[in-house]
Amino acid sequence: MTIFAMPVFDATVIYEGKELFKGQGAARGWAEKLAREIETPVTVEKIGTGWALCARLDGVDCRWGILGQRLKRLD
């Protein structure tokens, strides 16, 4: 499910079929934007060679990566 429509133009890496942020700094910047959108704290997590956004939303642990220059839930 894509939940954030703003285009993601940061560098990405593919790890185990998932498109992730290449740098921690870019991921943190998007974590701040996503946190404002969903009104809950968002952190970043290293997954293999990339970085994903993580939060607890509606009682469920969620992770977001990128799909087609949009944020997309990985799970």
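Before any of the text, the structure's been laid out above.
Procedures and definitions
- Residues numbered from 1 in each chain as written.
- Predicted model: local features only at pLDDT ≥ 70, side-chain atom pairs only at ≥ 80, totals over all residues.
- Heavy atoms only, no water.
- Phe/Tyr/Trp six-rings, centres within 6.5 Å; stacked < 30°, edge-to-face > 60°.
- Lys NZ or Arg CZ within 6 Å of the ring centre and 35° of its normal.
- Buried < 20%, exposed > 50% of the residue type's maximum accessible area, 1.4 Å probe, protein only.
- Helix = DSSP H or I, 4+ residues; strand = E, 2+ residues; numbered from the N terminus.
- Pairing = 2+ DSSP bridges.

Colleague: Please set out the packing of aromatic side chains residue by residue, giving values where relevant.
Modeller: Summed over all chains, the structure comprises zero aromatic pairs. The ring of Trp30 carries the charged tip of Lys33 above its face, separated from the ring centre by 4.1 Å.

Colleague: Go over the pairing of strand S5 (residues 50–57), please, and point to the residues and values.
Modeller: Across the eight residues that make up S5, a large majority, seven, are buried. Across five bridges, strand S4 (residues 43–47) lies against S5 in antiparallel orientation. Each bridged residue has a counterpart across the sheet, and for Glu45 the counterpart in S5 is Ala52. Hairpin geometry of S4 and S5 is characterised by an intervening segment of two residues between the two adjacent antiparallel strands and by a positive phi of about 60° at Gly48. As judged from the five bridges shared by S5 and strand S6 (residues 60–67), these two strands associate in the antiparallel manner. Bridge assignment links Cys54 to a residue of S6, and that residue is Arg63.

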